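What follows is each chain in one-letter form.
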Amino acid sequence: MPGHVAPMAIAHIRTAVEVPPPKLLVHHGMQGQLLAAMEFSNSTTATLEAEFPHSVRHFLLIGCLAMFLGAVVFGFMAFRSNHKTPETLTFIIATIATGSYYMMYSGYGVAHKETGDGKVVLIFLGRYIDWLLTTPLLLLDIALLVNADVGEITMLLGNDILMILAGTIGATLLNPYKWYWWVIGMVFFALVFIQLFGFLSKIKDDDGAFVQGIKVLVMVTFISWCIYPVLWILGSEGLGSISLDLEVGLVCLTDIVSKLGFGFYLLFAVVDTKPGQQAESTENERTSLV
């Protein structure tokens, strides 16, 4: 009949419509840019075959498998030690990182950002979710070892969370606003490590092996965390002067050092040297034998 479209034709038209890839739309002006951080399309999955080089997927898979193996080891140690705090925290850290890497490997937690010159870059929001959850736990490990009080722990973790949030906001914005947020994040970064290095004075009279172990943990954390803001500048969030696979590979390697390297050194070289820890371990062994 004239004016009547067959149902099959309608179905064909519907299936022919292409769904655009997810975009993180970026507008000019501060208000527009803040709104841009919230404007996603219905899908949050990047088209991996078209936009992820194979090397990027390989690095994300390596990160996922490494964190998974770490989570298995830390989880075993946590259950064997009756859920002691250091073992439990390292297990949770590695487990969260495993989920984050698998999410990004699958294409989720990855958004498109359209820059001012019309170029579209990929922003790995999954890594910011990871850091927002895991970095406070890493710092909590150190704070508990040096017997920091509640106020000190609150200040340390609060500055860390504000640092990650500033970097996340900056990653979604354009020039010049993203650089303002990078600077704000670095201010909180400085506050975190001023406090961490201050913890060393709290334990200066403790056993030499324990003090040395805490120094190593603080330095591993400081050096590895210094790499992240540099990669932020050089990578997709900042200047875009390095390739995506190099950026992802370096972040993956740094994550392995800052999480798994930190965790293994903490559990195998530091925890048992804490004053009073050896006596507690001996008592636990006696209790388990009885």
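Structure: see above.
Because the structure is predicted, anything quoted here is derived from the model rather than measured.

Chemist: Tell me about the overall build of the protein, residues and numbers included.
Modeler: Looking only at helices and strands, the protein has 11 helices and 2 strands in total. Beginning at the N terminus, the succession of helices and strands in the protein can be written as α-α-α-α-α-β-β-α-α-α-α-α-α. Split into buried and exposed, the 290 residues of the protein put 43% on the buried side. Counting contacts in the protein only where the partners sit at least 6 residues apart, residues at least 24 apart contribute 72% of the total. Summing over all exposed atoms, the protein offers an accessible surface of approximately 15,000 Å²; the carbon and sulfur share of this is 69%.

Chemist: Account for the nonpolar core, with residues named and values stated.
Modeler: With 67 residues, the main nonpolar core has Phe124, Ile214 and Trp225 as its most contacted residues. Take this core: its biggest share by element is 10 residues, from helix H6 (residues 125-145). With sequence-adjacent residues up to four places away left out, tryptophan 225 is seen in contact with Thr135, Leu138, Leu139, Asp160, Met163, Phe189, Val192, Phe193 and Ser258.

Chemist: How would you sum up a nonpolar patch on the surface? Please name residues and give values.
Modeler: The grouping of Ile129, Leu132, Leu133, Ile161, Leu162 and Leu165 at the surface amounts to a nonpolar patch, some 460 Å² of accessible area in total. Elements with a contribution of two residues or more to the nonpolar patch: H6 and helix H7 (150-171). Relative to the helices and strands, isoleucine 161 is located in helix H7.

Chemist: Can you tell me about the pairing of strand S1 (residues 110-114), naming the residues and giving the values?
Modeler: Burial runs high along S1: 4 of the 5 residues are buried. Note: S1 against strand S2 (residues 120-124), 5 bridges, orientation antiparallel. Its bridge partner being in S2, glutamate 114 is matched across the sheet by valine 120. Counted between consecutive antiparallel strands, the loop separating S1 from S2 contains 5 residues, among which glycine 118 sits at a positive phi close to 90°.

Chemist: Could you give an account of the pattern of salt bridges, with specific residues and numbers?
Modeler: One pass over the structure, following the stated rule, counts 5 salt bridges. The closest approach of N and O atoms between glutamate 247 and arginine 127, which form a salt bridge, is 3.1 Å. Placement of glutamate 247 in helix H10 (residues 244-270) and of arginine 127 in helix H6 is noted, with a sequence separation of 120 residues between them. Take glutamate 247 and arginine 127: they sit in the same class, and that class is buried. Between lysine 259 and aspartate 130 there is a salt bridge, with its nearest N and O atoms 3.7 Å apart. Here the residue lysine 259 occupies a position in helix H10, and aspartate 130 occupies one in helix H6, the gap between them amounting to 129 residues.

The rules we used
Residues numbered from 1 in each chain as written. Predicted model: local features only at pLDDT ≥ 70, side-chain atom pairs only at ≥ 80, totals over all residues. Heavy atoms only, no water. Helix = DSSP H or I, 4+ residues; strand = E, 2+ residues; numbered from the N terminus. Buried < 20%, exposed > 50% of the residue type's maximum accessible area, 1.4 Å probe, protein only. Contact = heavy atoms within 4.5 Å. Areas by Shrake-Rupley, 256 points an atom, 1.4 Å probe, with all protein chains shown as cover. Core = buried A, V, L, I, M, F, W, Y, C linked by side-chain atoms within 4.5 Å. Patch = residues over 30% accessible without salt bridge, like charges linked within 9 Å, V, L, I, M, F, W, Y side chains within 5 Å. Salt bridge = Lys/Arg side-chain N within 4 Å of Asp/Glu carboxyl O. Pairing = 2+ DSSP bridges.

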